[in-house]
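A look at the structure
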Amino acid sequence: MSHNAPVSVVVVDDHPAILSGVEAWYAASRRPITVVAAGSSVGEAWTSPGSTADVVVLDLQLGEGGPAFGSLRRLVDAGRQVVVYSMRDDEKTALSCLDLGAATFLTKSEGRDHLVEATLAAADERPYMPPALAGALGTNTRADRPQLSVREENVLIEWFQSESKELVAQRLGISVRTVNSYLDRVRIKYANVGRPARTKASLVARAIQDGLVDVDDL
């Protein structure tokens, strides 16, 4: 997507005031952001017009149930770009959302500017690091090695061994967008432990250093 192209969004939240507020924030954005569907059910993201929205903004706590991790996983597996926007602010929840494939995680206390920027980044398939997420990723127990999920490691290794992201997507049965999302999150995690890896070659070096892959496997 062009970085100037309009963005369509479906917002899933069970608080009417949040829905109204988010729509107003998007309407004031200098780059057009349109809420094409909004409601308290994840079904909004699966039915037209929400099913074709560029970005899904998802509240984790819907109704009386627990965190909507299952809904998040299904959306990500379908290749959707999901911004988790939640009242929860604990590190475990933030990291769980990233491991499941969310484009980013914001707390509702972070406000308009971060939500707008996170939505635009998700639409453009760029990583975005709001303060709460940066703090969560910065608290991994080992300062020199990021905590990668099994899926992140699998995608990373497949990418090392493939000529293109399209081949990785075919082998793993996921979309190229999802491949990019996993790789972006790996880079974010390395950057947050002071070991940036902006290129494929530098990611290979990090993975070898951390024992994720052997030189003979490349």
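Every value quoted in this text rests on a predicted model; they were computed, and no experiment measured them.

The rules we used
- The residue count restarts for each chain, going from 1 along the sequence in the order it is written.
- Local features are withheld for residues below a pLDDT of 70 in this predicted model, meaning they are given only at 70 or higher, and side-chain atom pairs are given and counted only at 80 or more; totals for whole chains, interfaces and linings count all residues.
- Computation of side-chain values: all heavy atoms of the structure, hydrogens and water removed.
- Counting from the N terminus, the helices are DSSP H or I runs at least four residues long and the strands are E runs at least two residues long.
- Any residue under 20% of the maximum accessible area for its type is buried, any over 50% is exposed, and the rest in between are partly exposed; the area is computed with a 1.4 Å probe on protein chains only.
- Any two residues having at least one pair of non-hydrogen atoms within 4.5 Å are treated as being in contact.
- Per-residue accessibility takes into account occlusion by the displayed protein chains alone, with areas from the Shrake-Rupley method and a 1.4 Å probe.
- Here, a salt bridge means any Lys or Arg side-chain nitrogen found within 4 Å of an Asp or Glu carboxyl oxygen.
- Two strands form a pair only when DSSP identifies at least two bridges running between them.
- Method remark: on a 1 Å grid restricted to protein atoms, a set of points is classed as a cavity if a 1.4 Å probe fits but cannot get out and as a pocket if it is open with protein on both sides within 12 Å along at least five of seven lines; lining residues have an atom within 4 Å of a point.
- Grid points are joined across faces, edges and corners, and a volume is the space filled by probe spheres set on the points.
- Inter-axis angles, ranging from 0 to 180 degrees, are taken between N-to-C directions of lines fitted to C-alpha atoms, where helices are fitted over the stretch in contact.
- Should an angle lie under 35 degrees it is considered roughly parallel, over 145 roughly antiparallel, and from 65 to 115 roughly perpendicular; all remaining angles are considered oblique.
- Classification convention: Asp, Glu, Lys, Arg as charged; Ala, Val, Leu, Ile, Met, Phe, Trp, Tyr, Cys, Pro as nonpolar; all other residues, Gly among them, as polar.
- UniProt positions are given in the numbering used here, feature names are shortened, and annotations may be inferred rather than shown by experiment.

This next bit is on the overall build of the protein. Each helix and strand counted, the protein has nine helices and five strands in total. Ordered by position in the sequence, the α and β elements of the protein form the string β-α-β-β-α-β-α-β-α-α-α-α-α-α. Looking at the protein as a whole, 49% of its 218 residues are labelled buried. Considering only intrachain contacts with a sequence separation of at least 6, the fraction spanning at least 24 residues in the protein is 64%. Approximately 10100 Å² of the protein is accessible, and the part contributed by carbon and sulfur atoms is 50%.

Moving on: the pattern of salt bridges. One pass over the full model with this rule turns up eight salt bridges. Among the ionic pairs, D59 bridges to K108, the shortest N-O distance being 3.3 Å. Of this pair, D59 sits in the loop between β3 (55–58) and α2 (69–77) while K108 sits in the loop between β5 (104–107) and α4 (111–123); the two residues are 49 residues apart in sequence, bridging distant segments of the chain. A residue is classified by how much of its surface remains accessible, and K108, at 11% relative accessible area, is buried. The salt bridge partner of D90 is R88, with a shortest N-O separation of 3.8 Å. R88 sits in the partly exposed class, given a relative accessible area of 30%.

On to the pairing of strand β2 (residues 33–39), then. Where strand β1 (residues 7–12) and β2 come together, six bridges link them in parallel fashion. By the bridge assignment for β2, V10 is matched with A37.

So, on to the layout of surface pockets. Taken as a whole, the largest pocket encloses approximately 230 Å³ of empty space. Contributing to the lining of the largest pocket are W25, A28, S29, R30, R31, R112, D113, V116, E117 and L120. In terms of residue count, the dominant contributor to the lining of the largest pocket is α4 (five residues).

Below, the discussion takes up the packing of helix α7 (residues 165–172) against helix α8 (residues 176–192). At a minimum axis separation of 8 Å, α7 and α8 run at an interaxial angle of 105°. Viewed along their axes, α7 and α8 adopt a mutual orientation that is roughly perpendicular. Within the contact between the two elements, α7 uses K165, E166, V168 and A169 and α8 uses V176, V179, N180 and L183. For the contact of α7 with α8, a count of residues per class yields five nonpolar, one polar and two charged.

This part is about the UniProt feature "modified residue: 4-aspartylphosphate" (unreviewed entry) in the protein. According to UniProt, the feature "modified residue: 4-aspartylphosphate" (unreviewed entry) maps to D59 in the numbering used here. The residues touching D59, leaving out its near neighbours within four places in the chain, are V12, D13, D14, Y85, S86 and K108.

Okay, the sheet that holds strand β4 (residues 81–86) next. With parallel pairing, five strands are arranged side by side in an open sheet as β2-β1-β3-β4-β5. What marks the edges here is a single partner per strand, and that holds for β2 and β5. Here the strands of the sheet are splayed against their neighbours by 25° on average, with no regard to which way each runs. One ladder, built from four bridges, connects β3 with β4; its direction is parallel. Each residue of the ladder has a partner; that of V57, found in β4, is V83. Helix-sheet contacts for α2 involve β3 and β4, and the interaxial angle to β4 is about 160°. Seen against the sheet, α4 touches β1, β2, β3, β4 and β5 and runs at an angle of roughly 165° to β4.

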